[in-house]
Amino acid sequence: MAEPLLRVERVFKRFGGLLAVDNVSLVVEPDRITALIGPNGAGKTTLFSIISGFLASSAGRIFHRGTDITGMPPHLLARRGIARTFQIVQPFAGLTVHENIAIGAHLSRRSRADALDVAAEVASTVGLGDLLDRPAASLTVAGRKRLELARALATNPGLLLLDEVLAGLNPGEVAAMVPIIRGLADRGVTTLMTEHVMQAVMSLAEHVFVLAEGRIIAEGAPRAVVGNPRVVEAYLGHGAAARLSAAGAAHV
Amino acid sequence: MRGPSIRYIVLVIALLAMVPLLTASNVVLNFLVVALLIALVGQGWNVLGGYGGQYSFGHAAFFGTGAYVTAILQMRYGVNAWVAFVLGIAGGALMGAAIGALTFRSGLKGSYFALVTLAFAEVLRILASVAPITGAGVGILITLDLRPQAFQFQSRAQFYWIILALVAISLIIVRLIEQSRFGAWLVAVRENEDAAKAVGVDTARVKLVAMIISAAITAAGGGFYAQYFLFIDSGIAFGPWISVEALLAPIVGGIGTVFGPLLGALVVKTLGELTKLVAGDAPGLDLVIYGSVLIVIVAFAPHGIAGLLADLRMRFARLRSSVPEGAHG
């Protein structure tokens, strides 16, 4: 088998007495959407921060296109083509939407004019085309999530790490965002997304890893994973799977 | 990024350059030379503080380095004044690199960064007040030699044109930074450092380069000061007064704008002179009025005078565009 785009190998992260990430291994294959799901506090964002270089792991290694990138600082990872969004959006608040995205585009373009051109183009693909001159601080939550996505996309990444870009959106806004994310794969962007909006994950991801209490408890195709009793228990509590199947049987 | 065109900067400088043709008054010219000196030093601060968001309380470190290198090379080593002045700028840049490397490498931000820069300036002031090479407590007197090749002039007008040229260069440098990728990265660091890292900005390096440019511009002010007043000591060169002037001008004028430091320096210096006139001989009263007016300016124009002007212009434009529709105010 060829080397995957991203390989996380036996990664641990300890915060004092808390083992936030416990022996996690996963692979991201190119040109598709992989999801990392799990209940709140499972360690998804911690794992993301480790992969994107914002946090050092306690142990384990991470490989990108076969190169060991463990401990590489975020800006070098970005230059390798790994871009991320933040769950708690981090706009350049004092700048306009256009300027925000242009800073992403500057990664590969020195000229201001070129960066602004690319930014305008990216803005229209995520539906921010009409808001270019608006201050980033004036955007709604949905707008800011799009801005996160646009700024990351403007760096022209090969691997995009989306940290809960759908969280906090209403169903209409989620429905608007889903096709944008699906369109990324068509543009040759491989995506690893964390999410707890299950429905969106089901329709987007081709491969799912389930994280609970810092461990990968299941992986596979979305349909197979949500039927897994361990996954149901992780989300709904101990014994839930048994109760659910009992209830299901009673209805039949 | 939006900002004034280079042509506009040249126009403003050309207008200011005509002042000595209109008046030969030493009082007026001296006032303007000092105001422009503060504008230059403030522009240095503005590169790092206004665009990079790193608020230094210790720009005296760079001003003093520029002043002392210029003075020491001339008086102790017989170096030509102009060469000494240029080396003073280089010395300031080097000091910026050293302090920047130490502070940014250790990840100092916000108030910690401000305090540590203040501490560096104070350490330099104390060292300069005891070291023999800086003239210790006595300071350094630059020998009077009123020849252009010694960077000394008979008339204030010539000094005025030189400091104006330095200000012009600093304005153009800052405008070029605004239009460059480096400038976009610098502003990104100011707005959100984590987000900047995530899009590939080497934030430590960007801050360091900004610090070096900032320090070099401020050091030019120090070197000019030495040539203009022909005397420096540790309190003048590394004293807190210049660190305060350096940040006051851009804050009043509008931080992170090309013309902010120049506007601010002119306003602050005019205000200083006016309050002295109003307060007369009552000791300290001028400072009370001066302080109060500054508080009012900062309270009503939080983005400085440049921000206030931009606001007014936008409101005026909106008013005009809404008139044909007979719309609401």
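Fair warning: this is a prediction, and the values are worked out from it, not measured in the lab. (Residues numbered from 1 in each chain as written. Chains lettered and ligands numbered in written order. Predicted model: local features only at pLDDT ≥ 70, side-chain atom pairs only at ≥ 80, totals over all residues.)

S.K.: In this structure, what is going on with the overall build of chain A? I would like to understand it.
M.R.: Looking only at helices and strands, one finds 10 helices and 10 strands in chain A. Taken over C-alpha atoms, the radius of gyration comes to 19 Å for chain A, in line with the 18 Å a tight globule of 252 residues would show. For chain A, the C-alpha atoms occupy an extent of roughly 65 × 40 × 40 Å along the three principal directions. In chain A, buried positions account for 45% of the 252 residues. (Helix = DSSP H or I, 4+ residues; strand = E, 2+ residues; numbered from the N terminus. Rg over C-alpha atoms; globule rule 2.2 N^0.38 Å. Buried ≥ 20, exposed ≤ 12 C-beta atoms within 10 Å, placed from the backbone.)

S.K.: Just checking my understanding: could you explain the overall build of chain B for this structure?
M.R.: In terms of helices and strands, chain B carries 15 helices and two strands. Projecting the C-alpha coordinates of chain B onto the three principal axes gives extents of approximately 70 × 50 × 40 Å. Counting every position in chain B, which comprises 329 residues, the buried fraction comes to 50%.

S.K.: Any chance you could explain the nonpolar core here in plain terms?
M.R.: Nonpolar side chains in soluble globular proteins generally cluster together in the buried interior. One finds A119, A150 and V210 of chain A together with L36, L40, I163 and V167 of chain B to be the most contacted residues of the largest nonpolar core, which totals 171 residues. Looking at which element gives the most residues to this core, the answer is helix 10 (residues 203–229) of chain B, with 15 residues. Non-local contacts of V167 of chain B, meaning those with residues more than four positions away in its chain, are made with L36, A39, L40 and L262 of chain B. (Core = buried A, V, L, I, M, F, W, Y, C linked by C-beta atoms within 7 Å. Contact = placed C-beta atoms within 7 Å.)

S.K.: What's the story with the sheet that holds strand 7 (residues 159–163) of chain A in this structure? I'm lost.
M.R.: Across a sheet, paired strands are connected by hydrogen bonds in the backbone, their directions being either parallel or antiparallel. Residues and elements named next belong to chain A. If you walk across this open sheet you meet the six strands as 6-7-8-3-9-10, and the pairing is mixed. Each having just a single partner strand, strand 6 (82–84) and strand 10 (215–220) make up the two edges of the open sheet. Along the sheet, successive strands turn relative to each other by an average axial angle of 20°, direction set aside. Here strand 7 pairs with strand 8 (residues 190–195) via five bridges, running parallel. Bridging across to strand 8, D163 finds its partner in T194. Against the sheet, helix 1 (residues 44–51) engages strand 3 (33–37), strand 6, strand 7, strand 8 and strand 9 (207–212), with an angle of about 150° to strand 7. (Pairing = 2+ DSSP bridges. Axes fitted to C-alpha atoms, helices over the stretch in contact; angles between N-to-C directions.)

S.K.: So what exactly am I meant to see when it comes to the pairing of strand 10 of chain A here?
M.R.: Each regular strand displays side chains that alternate between the two surfaces of the sheet. All names here are of chain A. Sheet topology note: the strand 9/strand 10 ladder contains five bridges and is antiparallel. Within the sheet, the bridge partner assigned to F209 lies in strand 10 and is E219. Linkage of strand 9 to strand 10, two consecutive antiparallel strands, is achieved through a turn of two residues, within which E213 is found at a positive phi near 50°.

S.K.: Can you help me understand the packing of helix 3 (residues 97–105) of chain A against helix 5 (residues 141–153) of chain A in this one?
M.R.: One can describe the packing of helix 3 of chain A onto helix 5 of chain A by two numbers: an axis separation of 6 Å at closest approach and a directional angle of 35°. Counted together, V97, N100, I101, I103 and G104 of chain A of helix 3 of chain A and L147, A150, R151 and A152 of chain A of helix 5 of chain A form the full contact between these two elements.

S.K.: I'm lost on the sheet that holds strand 1 (residues 6–15) of chain A in this one. Help?
M.R.: Residues and elements named next belong to chain A. Reading across the sheet, the four strands line up as 2-1-4-5 and stay open at both edges, with antiparallel pairing between neighbours. With one partner strand each, in any of the chains shown, strand 2 (18–28) and strand 5 (67–68) form the two edges of the open sheet. As paired elements, strand 1 and strand 2 share seven bridges and run antiparallel to each other. Its bridge partner being in strand 2, V11 is matched across the sheet by V24. Packing against the sheet, helix 1 makes contact with strand 1, strand 2 and strand 4 (59–64), and its axis sits at approximately 65° to strand 2.

S.K.: Looking at this structure, how should I read the interface of chain A and chain B?
M.R.: Reports often express the size of an interface as the amount of accessible area lost when the parts come together. Contacts between the two partners involve 22 residues from chain A, matched on the other side by 18 residues from chain B. At the level of elements, helix 2 (74–79) and helix 3 of chain A are the ones that each hand at least two residues to the side of chain A that touches chain B.

S.K.: Hey, could you run me through unusual backbone geometry in this one?
M.R.: Backbone geometry follows two general trends: most residues other than glycine have a negative phi, and most peptide bonds adopt the trans configuration. Residue and element names in this part refer to chain A. The phi dihedral of R10 falls on the positive side, at around 45°, and the residue is not glycine. Assignment of secondary structure puts R10 in strand 1. The class of R10 is exposed, set by 12 C-beta atoms lying within 10 Å. Positive phi, close to 60°, is recorded for N156, a residue that is not glycine. Its place among the elements puts N156 in the loop between helix 5 and strand 7.

S.K.: Would you take a moment to explain the environment of G49 of chain B for this structure?
M.R.: Residues and elements named next belong to chain B. Position of G49 among the secondary structure elements: in helix 3 (residues 26–51). Distance in space between the C-alpha atoms of G49 and P250 is 9.0 Å, their sequence separation being 201 residues. When neighbours within four sequence positions are excluded, G49 is seen to be in contact with Q54, Y55, S56, L247, P250 and I255.

S.K.: I'm lost on helix 10 of chain B in this one. Help?
M.R.: Every α-helical turn comprises 3.6 residues, leaving residues that sit three or four positions apart pointing alike. Residue and element names in this part refer to chain B. Here helix 10 is 27 residues long and its end C-alpha atoms lie 39 Å apart, about the 39 Å a rise of 1.5 Å per residue gives. Counting buried positions along helix 10 yields 23 of 27 residues, so the element is predominantly enclosed. Immediately beyond the C-terminal end of helix 10, within one or two residues, lies L230, with a positive phi of roughly 60°. (Expected span 1.5 Å × (residues − 1).)

S.K.: Looking at this model, I keep getting lost on the pairing of strand 8 of chain A. Mind explaining?
M.R.: All names here are of chain A. Taken across its six residues, strand 8 has six buried, putting it largely inside the fold. On strand 8, burial covers both faces: T190, L192 and T194 on one face and T191, M193 and E195 on the other are all buried. For the handedness criterion, the β-α-β arrangement of strand 7, helix 6 (residues 171–186) and strand 8 is classed as right-handed. (Right-handed = clockwise from strand over helix to strand, strands pointing away.)

S.K.: Explain the environment of Q74 of chain B to me, please; I cannot follow it from the model alone.
M.R.: Residue and element names in this part refer to chain B. Mapped onto the fold, Q74 is located in helix 4 (residues 60–77). The buried category is assigned to Q74, around which 25 C-beta atoms lie within 10 Å. C-alpha of Q74 to C-alpha of A84: the two residues are 10 residues apart in sequence and 6.4 Å apart in space. Aside from chain neighbours lying at most four places away, what touches Q74 is V79, A81, A84 and I142.

S.K.: Please explain the packing of helix 1 (residues 6–17) of chain B against helix 7 (residues 156–179) of chain B as it appears in this structure.
M.R.: Any two packed helices are characterised by how steeply their axes cross, that is the angle between the axes, and by the distance between the axes. Residue and element names in this part refer to chain B. Their axes nearest at 10 Å, the elements helix 1 and helix 7 cross at an angle of 170°. When the axes of helix 1 and helix 7 are compared, the pair comes out roughly antiparallel. The chirality of how helix 1 crosses helix 7 is right-handed. Contact residues: I6, I9, I13, L16 and A17 in helix 1; W161, L164, A168, L171, I172 and R175 in helix 7. Residue composition of the contact of helix 1 with helix 7, grouped by class: 10 nonpolar, no polar and one charged. (Parallel < 35°, antiparallel > 145°, perpendicular 65-115°, else oblique. Left-handed = near helix turned anticlockwise from the far one by under 90°. Nonpolar A, V, L, I, M, F, W, Y, C, P; charged D, E, K, R; others polar.)

S.K.: Is there a simple way to think about the confidence of the model for chain B in this case?
M.R.: Caution applies to low-pLDDT parts of the model: their predicted coordinates are not meant to be read in detail. Residue and element names in this part refer to chain B. When pLDDT is averaged along chain B, the result is 92; 97% of the residues meet or exceed 70. Within the model, pLDDT remains below 50 along residues 325–329, and this stretch shows one contact once partners closer than five positions in the same chain are excluded. Reported for the predicted complex are a pTM of 0.91 and an ipTM of 0.91. (pLDDT = per-residue confidence, 0-100.)

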